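Fold and geometry: a report
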Amino acid sequence: MRFTKMHGLGNDFIVIEAEKSELSPEDYSRTAIKLCDRHFGIGGDGLVIVGKDRELDVFMRIFNPDGSEPEMCGNAIRCVSKFVWERGLVSTTRISVNTLAGPRYPEVILKNGEVEKVRVDMGEPILERSLIPMLGSPGKVVGEELDTTAGRFRITAVSMGNPHCVVFVDEFSSVPVSEWGPVLENHPVFPSRTNVEFAKIEDENTVSMRVWERGAGETLACGTGACATLVASYLNDLTGRRATVRLKGGELIIEWDPDNNHVYMTGEAKEVFTGEVDLRKL
Ligand SMILES: N[C@H](CCC[C@H](N)C(=O)O)C(=O)O
């Protein structure tokens, strides 16, 4: 089966065209576990399935390395946009992509005919606790204290279709991401688990971020996480509605438009290699 290895700021994915794969949907989850393994498989932070859609240009499904299927993935949708543009699966630079979180609208930005960046309308952030989803009384979760087995955290919860728990820190050197991450990811207050972002405010237009992803562990970047972090930073009066989010793998520009309440993410997407994999050998 053919695959394409891509990444968005080092958040890497194995991309497969549904129509050209011998996989059926019930195979996706267990195949993701095998292919994402960095020793026994190809290696990746996710398996991304892209294909023609009945209503929109294409659909995107993503599976975490633990086999779970999240609603949305920011770095992956930039990779998918580059993938479908370069393979002629779409004929315009403005693309419509169906996801479990609903339609999303990326735009590929060309330079000398090549895809330089992708700007994605990530839709409206979801702030109502029960829709994150998070247990507890109705309302927003902004700067709320949460007791865990690793101590007490002040959190802000935002969904971009997938759940995010943002914790602001003064320095990363004192943040054990691989210890605190899973404690928050699996906290019972998050019935669907959650992605976890540790954010350091550099100035009112710049935020640095480390991320522990639901079903994937620490990654070099998280697009939906960067969007959630900008929203959380604004809700906590720490930044404006536009910021550069600095991740281990690179930078994203995130804007939260006050007029339509949509969040926009702009960043790169890269193709590294293509290959063939015989699933019977995994
Ligand atoms: N692990 C995430 C999905 C991938 C999100 C991330 N890679 C991004 O770029 O948004 C989750 O379970 O919600």
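Residues numbered from 1 in each chain as written. Predicted model: local features only at pLDDT ≥ 70, side-chain atom pairs only at ≥ 80, totals over all residues. Heavy atoms only, no water.

- The protein chain is annotated in an unreviewed UniProt entry as Diaminopimelate epimerase from Syntrophothermus lipocalidus.
- In its Pathway (unreviewed entry) section, the UniProt record describing the protein chain reads: "Amino-acid biosynthesis; L-lysine biosynthesis via DAP pathway; DL-2,6-diaminopimelate from LL-2,6-diaminopimelate: step 1/1."
- What UniProt states about the protein chain under its Sequence similarities (unreviewed entry) heading is, verbatim, "Belongs to the diaminopimelate epimerase family." (UniProt positions renumbered as here; feature names shortened; annotations may be inferred.)

**A few points about the pairing of strand β1 (residues 2-8)**
- Counting buried positions along β1 yields five of seven residues, so the element is predominantly enclosed.
- In this antiparallel pair of consecutive strands, β1 and strand β2 (residues 11-17), the connection spans two residues, and Leu-9 shows a positive phi of 55°. (Buried < 20%, exposed > 50% of the residue type's maximum accessible area, 1.4 Å probe, protein only. Helix = DSSP H or I, 4+ residues; strand = E, 2+ residues; numbered from the N terminus. Pairing = 2+ DSSP bridges.)

**What to know about the site of the ligand**
- Close contacts around the ligand come from 14 residues, with Asn-11, Asn-195, Glu-213, Gly-223 and Thr-224 the closest.
- In the model, an oxygen atom of the ligand is placed 2.8 Å from a nitrogen or oxygen of the Gly-223 main chain.
- Between the ligand and Thr-224 there is a distance of 2.6 Å, counted from an oxygen atom to a side-chain nitrogen or oxygen.
- Taken by itself the ligand offers 360 Å² of open surface, and the protein chains cover 99% of this.
- With respect to the detected pockets, the ligand is housed in the largest cavity.
- At the level of secondary structure, the elements contributing two or more residues to the shell around the ligand comprise α2 (74-86) and α4 (223-235). (Near = heavy atom within 4 Å. Polar contact = N/O pair within 3.5 Å; in protein donor to acceptor, adjacent residues only side chain to side chain. Areas by Shrake-Rupley, 256 points an atom, 1.4 Å probe, with all protein chains shown as cover. 1 Å grid on protein atoms, 1.4 Å probe; cavity = no way out; pocket = protein on both sides within 12 Å on 5 of 7 lines; lining within 4 Å. Sits in = over half its atoms within 2 Å of the grid points.)

**Notes on the packing of aromatic side chains**
- Within this structure, the stated rule accounts for five aromatic pairs.
- On the basis of an interplanar angle of 85° and a centroid distance of 5.7 Å, the ring pair of Tyr-234 and Trp-256 is categorised as edge-to-face. With Tyr-234 in helix α4 and Trp-256 in strand β15 (residues 250-256), this pair connects stretches of sequence that are 22 residues apart.
- Using a relative accessible area of 30% as the deciding quantity, one classes Tyr-234 as partly exposed.
- Judged by relative accessible area, which is 6%, Trp-256 ranks as buried.
- A cation sits over an aromatic face here: Arg-210 above Phe-172, 4.4 Å from the ring centre.
- The ring of Trp-256 carries Arg-241 above its face, with NZ or CZ at 4.4 Å from the centroid. (Phe/Tyr/Trp six-rings, centres within 6.5 Å; stacked < 30°, edge-to-face > 60°. Lys NZ or Arg CZ within 6 Å of the ring centre and 35° of its normal.)

**Comments concerning helix α1 (residues 28-36)**
- Residues of α1 that are buried include every one of Tyr-28, Thr-31, Ala-32, Leu-35 and Cys-36, and no others. Around the axis of α1, the buried residues are gathered within 115° of arc, so they sit on the same side.
- Taken together, the buried residues of α1 touch β2, β3 (46-52) and β4 (58-63). (Arc of directions from axis to C-beta. Contact = heavy atoms within 4.5 Å.)

**Some thoughts on the state of the cysteines**
- All chains considered together, the criterion is met by zero disulfides.
- Summary of cysteine pairing: Cys-165 is not part of a disulfide, and the nearest cysteine sulfur, belonging to Cys-222, is at 13 Å.
- In this structure Cys-227 is not part of a disulfide, and its nearest cysteine sulfur, from Cys-222, lies 8.7 Å away. (Disulfide = S-S within 2.5 Å.)

**Some remarks on the nonpolar core**
- Judged by nonpolar contacts, the single largest core of 50 residues is most densely connected at Phe-13, Val-48, Met-60, Val-84, Ile-254 and Met-265.
- Residues from two domains meet in this core; each of domain 1 (2-121 + 268-276) and domain 2 (129-261) gives at least three.
- What Met-265 contacts, discounting residues up to four positions off in sequence, is Gly-74, Ile-77, Arg-78, Val-118, Arg-119, Val-120, Met-122, Gly-223, Cys-227, Leu-252, Ile-253 and Ile-254.
- Core analysis: the second largest hydrophobic core is formed by 20 residues, Val-141, Ala-157, Trp-180 and Leu-184 among them. (Core = buried A, V, L, I, M, F, W, Y, C linked by side-chain atoms within 4.5 Å. Domains from an automatic or database assignment.)

**Quick notes on the layout of surface pockets**
- In this structure, the largest pocket occupies an estimated 160 Å³ of space.
- Together, Met-1, Arg-2, Phe-3, Thr-4, Val-15, Ile-16, Glu-17, Lys-20, Ser-21, Phe-83, Arg-87 and Thr-274 line the largest pocket.
- Its residues assigned to classes, the lining of the largest pocket comprises five nonpolar, three polar and four charged. (Points joined across faces, edges and corners; volume = space filled by probe spheres on them. Nonpolar A, V, L, I, M, F, W, Y, C, P; charged D, E, K, R; others polar.)

**A word on empty space enclosed by the protein**
- Overall, the coordinates contain one cavity of 30 Å³ or more when judged by the stated rule.
- Reported here for the largest cavity is a volume of approximately 120 Å³.
- Asn-64, Met-72, Cys-73, Asn-162 and Glu-213 are the residues nearest the centre of the largest cavity, which is lined by 17 residues in total.
- Breaking the lining of the largest cavity down by element, the ones donating at least two residues are β2, α2 and α4.
- When residues of the lining of the largest cavity are assigned to domains, at least three map to each of domain 1 (2-121 + 268-276) and domain 2 (129-261).

**Structural notes on the domain arrangement of the protein chain**
- Per the domain assignment, the segments of the protein chain are domain 1 (2-121 + 268-276) and domain 2 (129-261).
- Here the C-alpha centre of domain 2 lies 23 Å away from the C-alpha centre of domain 1.
- If you look at the interface, domain 1 gives 19 residues, while domain 2 gives 21 residues.
- Together, the buried faces of domain 1 and domain 2 total about 1300 Å²; carbon and sulfur atoms form 45% of this surface. (Buried area = accessible area lost by both parts, 1.4 Å probe.)

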